Amino acid sequence: MKIPNISTLSFILLLLFISLSSRAASAADKHRDFLECLTQQFKNYSSISSNVYTPTNSSYSSVLRFSIQNLRFASDSVPKPQVIITPEHESQIPPIIYCAKENGLQIRTRSGGHDYEGLSYVSQVLFVIIDLIKFSEISVDIGEKTAWVESGATIGSLYYRIAEKSGILGFPAGVCPTIGVGGHFSGGGYGTLMRKYGLAADQVIDAKIIDVNGRILDRRSMGEDLFWAIRGGGGASFGVIVAWKVQLVDVPKRVTVFRIGRTLEQNATQLFHRWQYIASELDKDLLIGITVSKVSSTQTRKNQTINVSFYSLFLGGIDRLLPMMRESFPELGLVREDCIETSWIQSVLFHFGFPIESPKEVLLNRTQRSVTYLKGKSNYVQKPIPVHGLQGIWRQFYEAEAAAAQLIIAPYGGRMAEISESAIPFPHRAGNLYKIQHLVFWAEEDAERSHRYISWSRRLYKYLTPFVSTCPRAAYLNYRDLDLGVNNIVGNTSYAQASIWGKKYFNNNFDRLVRVKTIVDPDNFFRNEQSIPPLHST
Ligand code: FDA
């Protein structure tokens, strides 16, 4: 290798210095020009100025951090937005879009901030966050059995507002109450009512979006293609969705819940194996899911074992559930004492791990109980995994990095299998027995440790290859995983490149999403690492 002499080195350093300082200058210019543009666009700038946060503002960090739900993306080394804006009214959003476009800044829209890869608040290019935290109105119409929900509301507050007015209506969305409606509905959204009613996105009947031209559109004015795309295709590719109208669903006055844990020494492997044959075939009123984790045990040589926990929601009383369970899953040995009969809203608290008698007001709390470092991945299973396959998963869990790892397994079938694959962009319907989500959590901000945990997650994903769906190896958009493939950060991304991750999330619906994107945002303004590319950018 030829070693450069001192004068060449000095020249290279000078170039580097010039390039870095011109980048900093260009960032400062764009930032200043963007703010200048806002003052011109808002006839009354004081109406928005208190909701505009720049890094020099004392509240900037706390506003940014408030909705960060994965500490991997909170550290100082992660790029931060030039500006954060928390609009209070939809009319304030078109000028922000206009000024970002004019000044070459990207927009990241954040509702609840639960994106596993932080895409709602991190970007490698200069960017602005539109944080919809102040869009949290919910109005429930009991007569019509519908609700209008703003995107920045949490699903916990939606459940609460429904229960406030009715004990026999519910909504089929996720388990964690702090999830934001904006990301959740636009990516699908499943929870314990999925076998009876499908996804949150399946129940969306209208929406309000602000497009790249700053137009505020509802279902009628946006047209059926765009309305189709935002129900599961990821909102961030298409605009800023400010509100959703949803159909509420009937739930009985009394439902039944249970959670039964079995360790390997208590036959957990055989129970899991058997569960695979029955869970997707059960009556639609009954959902039995599984979580898997490593627990300590004094009865084993390694002082640890695997716990397989069966959690359930049954839309009816114990007396109807017990004979059903005796017939379909007698091996679990469910008895009356394992079951709790309660209201649907208390079942929501139970499934999130609150004490079942907690006041339902805890659902209004936007603060996550614990925020850690995490990596998540998902897989779909279409044929039961043989016993030796399950034992191989347990072996992965015995590794040190899996101390706080978890599998969360959701059974399919029921309503999920009845809805056509192309009804909305979420394609994972008939033919799937269940979905596995694997999560690994850790508590330290240390690049090397993070790397070890993420590698564990990738090893498990690799191990699962022979047991899960292929062509495409399907994944759930709301469990965002950038390992599946990414767009180019700068410049265009071809259809072929984006198909690598796009087909996994959307299968054949990816092509229609590309067509919609090409029409509504041909210049690809709304973009991120996994946004739908317009066609001509190939
Ligand atoms: P966030 O604000 O991070 O947005 C996610 C994506 O949507 C980003 O790309 C963002 O730009 C875009 N976006 C957000 N709001 C938008 C808007 N108004 N207009 C346009 N684009 C918008 N999922 C599930 O189905 N069932 C479950 O039970 C759970 N449980 C769960 C628990 C925990 C602790 C986490 C961290 C996540 C889940 N999820 C889940 C996954 C969750 O559904 C997913 O992360 C959602 O996208 C989160 O939506 P937020 O609005 O909170 O995220």
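Since the structure is predicted, the reported quantities are computational estimates derived from the model, not experimental observations.

Enquirer: What should I look at first to understand the nonpolar core in this one?
Expert: Generally speaking, soluble globular proteins have nonpolar side chains that are buried together. In terms of nonpolar packing, the biggest core is built from 64 residues, with Tyr-159, Phe-171, Phe-185, Ile-230, Phe-238, Trp-244 and Val-246 touching the most fellow members. For Phe-171, the contacting residues outside a window of four places in its chain are Leu-158, Tyr-159, Ile-162, Phe-185, Leu-193, Ala-200, Gln-203, Val-246, Gln-247, Leu-248, Val-249 and Trp-344. Listed in part, the 63 residues of the second largest apolar core include Ile-129, Leu-271, Val-308 and Leu-322.

Enquirer: Teacher, can you tell me more about unusual backbone geometry here?
Expert: Note on backbone geometry: most residues besides glycine have negative phi, and most peptide bonds are trans. A cis amide bond links Cys-471 to the next residue, Pro-472, at an omega of 0°. Relative to the helices and strands, Pro-472 is located in the loop between helix H14 (447-463) and helix H15 (495-506). The backbone phi angle of Asn-507 is positive, close to 50°, even though this residue is not glycine. With respect to the helices and strands, the residue Asn-507 is situated in the loop between H15 and helix H16 (509-520). For Asn-507, a relative accessible area of 22% puts it in the partly exposed group.

Enquirer: Could you clarify how one ought to interpret the site of the ligand in this entry?
Expert: The immediate surroundings of the ligand are formed by 31 residues, with Thr-109, Ser-111, Ser-120, Ile-241 and Tyr-476 found nearest. Between an oxygen atom of the ligand and a main-chain N or O atom of Asp-115, the distance comes to 3.0 Å. Measuring from an oxygen atom of the ligand, one finds a side-chain N or O atom of Ser-120 at 2.6 Å. If the ligand stood free it would expose 950 Å²; the protein chains cover 93% of that surface. Elements that contribute at least two residues to the shell around the ligand include exactly strand S3 (106-110), helix H6 (181-187) and strand S10 (240-247). When residues in the shell around the ligand are grouped by element, the largest group, 3 residues, is from H6. Residue composition of the shell around the ligand, grouped by class: 11 nonpolar, 17 polar and 3 charged. In terms of domain composition, the shell around the ligand takes at least three residues from each of domain 1 (27-132) and domain 2 (138-250).

What counts and what doesn't
Residues numbered from 1 in each chain as written. Predicted model: local features only at pLDDT ≥ 70, side-chain atom pairs only at ≥ 80, totals over all residues. Heavy atoms only, no water. Core = buried A, V, L, I, M, F, W, Y, C linked by side-chain atoms within 4.5 Å. Buried < 20%, exposed > 50% of the residue type's maximum accessible area, 1.4 Å probe, protein only. Contact = heavy atoms within 4.5 Å. Helix = DSSP H or I, 4+ residues; strand = E, 2+ residues; numbered from the N terminus. Near = heavy atom within 4 Å. Polar contact = N/O pair within 3.5 Å; in protein donor to acceptor, adjacent residues only side chain to side chain. Areas by Shrake-Rupley, 256 points an atom, 1.4 Å probe, with all protein chains shown as cover. Nonpolar A, V, L, I, M, F, W, Y, C, P; charged D, E, K, R; others polar. Domains from an automatic or database assignment.

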